[in-house]
Amino acid sequence: MNTSIKIEKAAEPEHVPAIMARDPFTVVIFGASGDLSKRKLIPALFHLENGGYLPDRYAVVGFSRTPMSDEQYRDAMFDDLKTQKLTDPEKLTPQHKTVQALHYIPGNNDDAESFKKLEARIRELEEERNLPGNRLYYLSVAPEFFATIVKRLKEAGMIRGRHDKTWSRVIIEKPFGRDLQSARDLNTAVTEALSENQIYRIDHYLGKETVQNILSFRFANSIFEPLFNQKYVDNIQITVAETLGMEGRRGAYYDTAGALRDMVQNHMLQLLCLTAMEPPSALDATAIRDEKVKVLRSLEPFTPDEVAAYTVRGQYTAGKDPDGKAVKGFAEEEGIKDGSVTESYVAMKLRIENWRWAGVPFLLRTGKRLKKRVSEVAVTFKRPPLHLFGHNKTSDYCLLTDRPQTNVLVLRIQPDEGISLSFACKQPGLQIQLNDVRMDFFYGKAFQQRSPEAYERLLLDALRGDASLFTRSDEVDSAWRFVTSILDGWKVLPRPKYPNYAPFSDGPDEAHRLLEGTTAQWRSIAAM
Ligand code: BG6
C-alpha cells in the first residue's frame, strides 16, 4: 500500500537575483529551418526576451540551404511560434522584439563563399543594430557538418580570439562523435579553430530543472548526502523510458545510433555523474566538471565477456498501442535497414570503482516504445540490520512475516517532476503492522512559477559565458571510452535474438539477468 504524506509548500526566497545576458549579441543558427530551431531555439529566445533576460540589442541570423528572404523566415518562424506551447502567447505579435530580430541568409555549410556572404551580412546587421560583435554560433545540423562549419567560421575570420574585446562561442549539438576515436577526431578538428572555453557541447538533459536539482538536493541539504555511499545504498537505478517509436523520419538517424549512443553516452551518463559525484569545491564550470570526470574515469571499460554479462539490448516487436492501434516493430519502421542490429533498448549494470561507491550496482535502462514516458533516478537503501518487527514465538504483538520494503528515494526527472521517499510506517491498530508510505514533493504543487525549458536555460548560460551545464572535452572522452567498450563487445558477441520485447512493456525479460548476484529488483515502469 502506498499512502501519500503531503509536504507543505516551500517558503519563497525573499530575493531572487536577476541573471541576464548583458552583452548585446548575434545568435547565428546553422540548420535554421530544422525542427530544433523551430521547436526549441526560437521559442527559448522568445521566452528569454519576455522574462527580461536578454539585452536591449541583439540579432538572430538563420542560416541553412532553403532559399528565403528575411521576411519569409520571420513569417515562417512567427507561424511556427504560434503552434508552440508558449507561456505568454498573448505577447506574440509580428512586432515582438524577438520576431523582429530574426534575419536569414541561405547558404551551404561547406562553401567558403556562403560563409563570406554570411560574415558580410552579420557585419551589416551589427552596424545597423549597433551590436559590438559578440557572436553565438549554434550548430543545429547533422554531425558530419560540425567540424566543417567550425573550420569555415575560422577561415572566414568569424571567430574572435582571446585578446579581442568581443567574444565568439559555438554551441555544438549531440552526438559529439559516434565512438571514442571519432569523438577525439572531432575534438581535434574543433580545437584547431576554437579554444575549449569557446566550445559549448550541449546535452539538453543538463538544462532540465530536475536534473540541475540533483546537485541542489544532494549538496544544499545535510540529511541525504551522508547516506549516499556504499554503506547505506543497496543499488541505484536510472531509467529513461519513452513510449515513442521511430515516428517516421527519425528511423534513418536512429538506425546509425541506437539507444546506447543516443541516450546512454550523453544523457544517462550525465545523470549518473550528478548522482554519484563528490561535492564540487565551488559551483563553477571547472569544479563541477572536474568531479563529473572523476566519476566517468571510475567506470572501467568492459571486456567483451563483461559486455555479455552486464548489458542487455533489445528491439521491439510489432503490436498494439494502449488504444488498440497497430504499431510497427522496430525492424519494420521507416529508415531501419534490413537485418539491423541497432538496439531500441539497452540495460546495463555498472560499478563505479571508487571509495564511495565500490560494490554498489548502478542499473541503467532506456528504450523506445516502453510502457510509459518516465525518467527517474531511484536510490534504494539497504535494509536495517535487524528485522525487529517480525512475527516471533515470544510475542504476538507483531504480525509481519515479510520484512518491510527498503527505503527508496526517487528523483523524478519527468513528467510529474518531484522527489519521493518511501519508508515503513506503523499502521494504526493495537498490533504492529507495517506499511510502506511515501513522502512526496511535486514541483508543480510546491512552486507557482513555471520551470524554464532546458534550451532556455542553456542558451542563456551560453550567452552569459557560463559553461557549467555544458560538457567538457575530457568528459565526452571518458564517456566514450566506456561506451565504446560496449560497442566493441557487441561487435564480437553473437547476434542478439531480436525482436525481444513487446511495445508498451517494460522491455526485454532478459534484463532480469542483470540482477543476478544483487538484491535489486527492477522498478515497474507502469508503477512509476
Ligand atoms: C534526444 C534523443 O537527445 O533526447 C531522442 O536523441 C530522445 O531520441 C530525446 O527522444 C529525449 O529527450 P526528452 O527531453 O524528451 O527526454
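Asker: Mind laying out the overall build of the protein chain, listing which residues take part and the relevant values?
Answerer: The helix and strand inventory of the protein chain stands at 13 helices and 17 strands. Since a compact globule built from 528 residues should have a radius of gyration of about 24 Å, the 25 Å found for the protein chain is in line with a globular shape. Reported as C-alpha extents along the three principal axes, the dimensions of the protein chain are approximately 90 × 60 × 50 Å. For the protein chain, with 528 residues in total, the buried portion stands at 53%. For the protein chain, long-range pairs separated by at least 24 residues make up 78% of all intrachain contacts whose partners lie at least 6 apart in sequence.

Asker: Describe the nonpolar core, naming the residues involved and giving the relevant values.
Answerer: General note: in soluble globular proteins, nonpolar side chains tend to be found buried as a group. If you look at the biggest cluster of nonpolar residues, it comprises 146 residues, and the most contacted ones within it are Phe30 and Phe362. Sequence-distant contacts of Phe362, that is, excluding residues within four places in its chain, are made with Ile236, Leu272, Ala276, Met348, Lys349, Leu350, Ile352 and Trp357.

Asker: Break down the packing of aromatic side chains for me, citing the residues and quoting the values.
Answerer: Taken as a whole, this structure holds 19 aromatic pairs when the rule is applied. Where Phe25 meets Tyr58, the ring centres are 5.2 Å apart and the plane angle is 15°; that geometry is what we call stacked. Of the two residues, Phe25 is situated in strand S2 (residues 25-30) and Tyr58 in strand S3 (residues 58-64); the sequence distance between them amounts to 33 residues. Here Tyr58 falls in the buried class, since its relative accessible area comes to 2%. Feature note: the residues Tyr254, Tyr316, Phe330, Tyr345 and Tyr501 constitute an aromatic cluster, connected by ring pairs. Directly above the ring of Trp167 sits Arg169, whose terminal nitrogen or CZ lies 3.7 Å from the centroid. The ring of Tyr205 carries Lys208 above its face, with NZ or CZ at 4.7 Å from the centroid.

Asker: Account for the site of the ligand, naming residues and giving values.
Answerer: The full set of residues close to the ligand is Lys174, His204, Tyr205, Lys208, Glu242, Arg250, Asp262, Met263, His267, Lys368, Arg373 and Gln414. In the model, an oxygen atom of the ligand is placed 2.5 Å from a nitrogen or oxygen of the Tyr205 side chain. In the model, an oxygen atom of the ligand is placed 2.7 Å from a nitrogen or oxygen of the Lys368 side chain. Coverage of the ligand by the protein amounts to 79% of the 400 Å² it exposes when considered alone. In terms of residue count, helix H8 (residues 250-276) provides more of the shell around the ligand than any other element does, four residues in total.

Asker: Tell me about the confidence of the model for the protein chain, residues and numbers included.
Answerer: Residues of the protein chain with pLDDT of at least 70 account for 94%, and the chain-wide mean is 93. Confidence over residues 10-17 falls short of pLDDT 50; this stretch has three contacts with residues more than four positions distant or in other chains.

Asker: Give a description of the environment of Lys426 that names residues and reports values.
Answerer: By the secondary structure assignment, Lys426 is in strand S16 (residues 418-426). Along the backbone, Lys426 and Ser114 are 312 residues apart, and their C-alpha atoms lie at a distance of 72 Å. Setting aside residues no more than four positions away along its own chain, Lys426 makes contact with Gln431, Ile432, Gln433 and Leu434. There is a polar contact of 2.8 Å between the side chain of Lys426 and the backbone oxygen of Gly429.

Asker: Give me the sheet that holds S3: which residues, what numbers.
Answerer: Each strand in a sheet pairs with its neighbour through backbone hydrogen bonds, running either in the same direction (parallel) or in the opposite one (antiparallel). Here we have six strands laid out as an open sheet, ordered S4-S3-S2-S5-S6-S7, and parallel in their pairing. Both outer strands of the open sheet, strand S4 (102-106) and strand S7 (199-201), are each paired with one neighbouring strand and no more. Across the sheet, the axes of successive neighbouring strands diverge by a mean angle of 20°, strand direction being ignored. Across five bridges, S2 lies against strand S5 (residues 135-139) in parallel orientation. What sits directly across from Val27, in S5, is Leu136.

Parameters at a glance
- Position numbers for residues count from 1 along each chain, tracking the sequence in the order it is written.
- Predicted model: local features are reported for residues with pLDDT of at least 70 only, side-chain atom pairs are reported and counted for 80 or more only, and whole-chain, interface and lining totals are derived from all residues.
- Only hydrogens and water are set aside; all other atoms, that is, all heavy atoms of the structure, feed into the side-chain values.
- Secondary structure elements are defined from DSSP: runs of H or I of at least 4 residues count as helices, runs of E of at least 2 residues count as strands, and each element is numbered from the N terminus.
- Values of the radius of gyration come from C-alpha atoms, whereas the globule rule sets the reference at 2.2 Å times the count of residues to the power 0.38.
- Think of it in three bands: with a 1.4 Å probe and only protein chains considered, a residue is buried below 20% of the maximum accessible area for its type, exposed above 50%, and partly exposed in between.
- Throughout, a residue-residue contact means that at least one pair of heavy atoms, one from each residue, lies within 4.5 Å.
- The term nonpolar core refers to a set of buried residues drawn from Ala, Val, Leu, Ile, Met, Phe, Trp, Tyr and Cys, joined through side-chain atoms within 4.5 Å.
- For this analysis, a ring pair means two rings from Phe, Tyr or Trp (six-membered ring only for Trp) whose centres lie within 6.5 Å, classed as stacked if their planes differ by under 30 degrees, edge-to-face if by over 60, and tilted for the remaining angles.
- By definition, being over a ring means that NZ of Lys or CZ of Arg is both within 6 Å of the ring centre and within 35 degrees of the ring normal.
- Nearness of a residue to a molecule or strand requires only that one of the residue's heavy atoms be within 4 Å of it.
- Two N or O atoms count as a polar contact when they lie within 3.5 Å, although within protein this holds only if one can serve as hydrogen donor and the other as acceptor, and sequence-adjacent residues are included solely when both atoms are side-chain atoms.
- Using the Shrake-Rupley algorithm and a 1.4 Å probe, accessible areas are obtained, with residue cover drawn only from the displayed protein chains.
- A residue's pLDDT is the confidence the predictor assigns to it, expressed on a 0 to 100 scale.
- Two strands qualify as a pair provided that DSSP identifies no fewer than 2 bridges between them.
- For helices, the axis comes from a line fit to the C-alpha atoms of the stretch in contact; other axes are also lines fit to C-alpha atoms, and the angle between any two N-to-C directions lies between 0 and 180 degrees.

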